[in-house]
Amino acid sequence: MKIARFSHDGKIDYGIVDDDALVVLAGDPMFTGFDTTGERVPLGKVGALLAPVIPRSKVVAVGKNYRDHAAEMGGEAPEEPLLFLKPNTSVIGLGDAIVVPPQSERVDFEGELAVVIGTIARNVSEADAASHIFGYTVANDVTARDLQQKDGQWTRAKGFDTFCPLGPVIETDLPAGAVLRTRLNGELKQEAPISDMVHDIPSIIAYASSVFTLLPGDVILTGTPSGIGPMKPGDTVEVEIDGVGSLVNPVRAPK
C-alpha cells in the first residue's frame, strides 16, 4: 500500500494511492490508522505531493553501508553501522528544489532507501525490528562534499536546508529484489540492489535503537551505493527504487 501526503483545496491530507486517485484518510495513518473520509481526489487535482513524512525528532543516517561506495570514498565498510544525524529542517519533497549553499563548491547526490519508523523503538532486537517499521520511501542524502572533508565530521555537510529530499510516497511493503537507481539529467549514475547493503535494515534498527530511542515518524537513511557525484544549479536529480517510487528534484542556486 502506498501512502501520500498531499495538498489540495488549501489543506494538507494523507491518502492511499488507488490507481489515478488518492483515497483521503481521516488523519495521519501513523497515529490514526487507515480510516477514510470517503473522499477521492484525482491525482490531476492534487496541488502537490509533499514529503510523505516530516520526522518529529530526527533523521538517522548510515554512512558507507555499501562496500563499493566505501571503496570509492577511500576506505572499507565499517564493522558496525556508522551513524550520523540530519535535522528535520533538511527535509523537502517531490519537485522541491535542492539549494546549493554559498559555502560549498561541490554538492553531491546520494540515492538511498529510507525506512520510516512507526512505533517507539528502544533496545529492540533484530527479530522484532520489522514490527517498528511503518514503511519505506526514497531519499537523497545530499552532501556538501568539500565541507565534509574540511570539517572532518558530517553535521554541516549533511544538514543544510533542502539536503534531505524524501518521497514521493511511503510504501508499506518493500518489494523483494528492489533495485535503487539514481539519474542526473536522465543519465544513470547509481544502480544497485537494496540487498547489497552491508548492514541490513533489522540490524540498523537494532543498533540505532540501542543508542537512542526511535520515535514514530523518525526516518532512517540506509546508505548509498557507488556512483555518487556532483550536482549544480540547473540540474535535475532522480532517485528511483523499484516498487516504491521515483523522487525527482531540481537543483538551484540560493535566491
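Quick look at the structure, then. (Residues numbered from 1 in each chain as written. Predicted model: local features only at pLDDT ≥ 70, side-chain atom pairs only at ≥ 80, totals over all residues. Heavy atoms only, no water.)

1. Some thoughts on the overall build of the chain
The helix and strand inventory of the chain stands at five helices and 20 strands. Relative to a compact globule of 255 residues, whose C-alpha radius of gyration would be 18 Å, the chain shows 17 Å and is just as compact. Principal-axis analysis of the C-alpha atoms gives the chain an extent of 55 × 45 × 30 Å. Taking as baseline every contact in the chain between residues at least 6 positions apart, the subset at least 24 positions apart corresponds to 72%. Summed over its atoms, the accessible surface of the chain is roughly 10700 Å², and 50% of this surface lies on carbon and sulfur atoms. (Helix = DSSP H or I, 4+ residues; strand = E, 2+ residues; numbered from the N terminus. Rg over C-alpha atoms; globule rule 2.2 N^0.38 Å. Contact = heavy atoms within 4.5 Å. Areas by Shrake-Rupley, 256 points an atom, 1.4 Å probe, with all protein chains shown as cover.)

2. Details of the pairing of strand E16 (residues 187-193)
Inspection of the sheet shows strand E15 (residues 179-184) paired to E16 by six bridges, in the antiparallel sense. Bridge pairing links Val179 to Pro193 in E16. Counting the residues in the hairpin turn of E15 and E16 gives two residues, including Asn185, whose phi is positive at 55°. (Pairing = 2+ DSSP bridges.)

3. Here's the deal with the nonpolar core
The nonpolar side chains of a soluble globular protein tend to be buried, and buried together. Ranked by internal contacts, the top residues of the largest apolar core, which has 27 residues, are Val115, Ile194, Ile201, Ile205, Leu214, Ile220 and Ile241. Only strand E6 (59-63), strand E11 (111-117), strand E12 (133-140), helix H5 (201-209) and strand E19 (236-241) provide two or more residues apiece to this core. The dominant element in this core, judged by the number of residues it contributes, is H5, at four residues. Apart from the residues lying within four places of it in its own chain, the contact partners of Leu214 are Lys58, Val60, Ile117, Thr119, Ile120, Ala121, Ile205, Ala208, Ser209 and Ile220. Residues Val53, Val91, Cys164 and Leu221 belong to the second largest nonpolar core, which totals 21 residues. (Core = buried A, V, L, I, M, F, W, Y, C linked by side-chain atoms within 4.5 Å. Buried < 20%, exposed > 50% of the residue type's maximum accessible area, 1.4 Å probe, protein only.)

4. Brief notes about the environment of Glu72
Checked against the element boundaries, Glu72 lands in helix H2 (residues 67-72). Placed 149 residues apart in sequence, Glu72 and Leu221 show a C-alpha to C-alpha distance of 19 Å. Ignoring anything within four residues of it in the chain, the contact list for Glu72 reads Pro225, Ser226, Gly227 and Ile228. A distance of 2.8 Å separates polar atoms of two side chains, one belonging to Glu72 and the other to His69. Looking at Glu72, its side chain comes within polar contact range of the main-chain nitrogen of Gly227, at 3.1 Å. (Polar contact = N/O pair within 3.5 Å; in protein donor to acceptor, adjacent residues only side chain to side chain.)

5. Describing the packing of aromatic side chains
By convention here, two paired aromatic rings are described through the distance between centres and the angle between planes. One pass over the full model with this rule turns up three aromatic pairs. Ring centres of Phe84 and Trp154 lie 5.0 Å apart, and the angle between their planes is 75°; on these two criteria the pair is classed as edge-to-face. Taken as a pair, Phe84 in strand E7 (residues 82-86) and Trp154 in the loop between helix H3 (145-151) and helix H4 (155-159) lie far apart in primary sequence, 70 residues in all. Using a relative accessible area of 10% as the deciding quantity, one classes Phe84 as buried. (Phe/Tyr/Trp six-rings, centres within 6.5 Å; stacked < 30°, edge-to-face > 60°.)

6. Things to note about the pattern of salt bridges
Opposite charge on two side chains lets them pair, provided their charged atoms get close. In the structure shown here, the tally under the stated rule is 18 salt bridges. Put simply, Asp13 and Lys11 hold a salt bridge, and the shortest N to O gap is 3.7 Å. Judged by its relative accessible area of 39%, Lys11 is partly exposed. With a shortest N-O distance of 2.9 Å, Arg145 and Asp108 are connected by a salt bridge. On the criterion of sequence distance, the pair formed by Arg145 in helix H3 and Asp108 in strand E10 (residues 107-109) is long-range, its members being 37 residues apart. (Salt bridge = Lys/Arg side-chain N within 4 Å of Asp/Glu carboxyl O.)

7. Digging into the environment of Gln153
Within the secondary structure layout, Gln153 lies in the loop between H3 and H4. Of the residues examined, Gln153 reaches a relative accessible area of 39% and is grouped as partly exposed. The spacing of Gln153 and Phe84 is 69 residues in sequence and 9.2 Å in space, taken between C-alpha atoms. Here the side chain of Gln153 touches Thr155 through a polar contact of 2.9 Å, side chain to side chain.

8. Details of the pairing of strand E20 (residues 245-252)
Two elements, strand E9 (residues 98-99) and E20, share two bridges in a ladder whose sense is parallel. What sits directly across from Ile98, in E20, is Val251. Where E19 and E20 come together, six bridges link them in antiparallel fashion. Within E20, the residue paired with Glu240 across the bridge is Ser246. Between E19 and E20, which pair antiparallel one after the other, the connecting turn spans three residues, and Gly243 there sits at a positive phi close to 80°.

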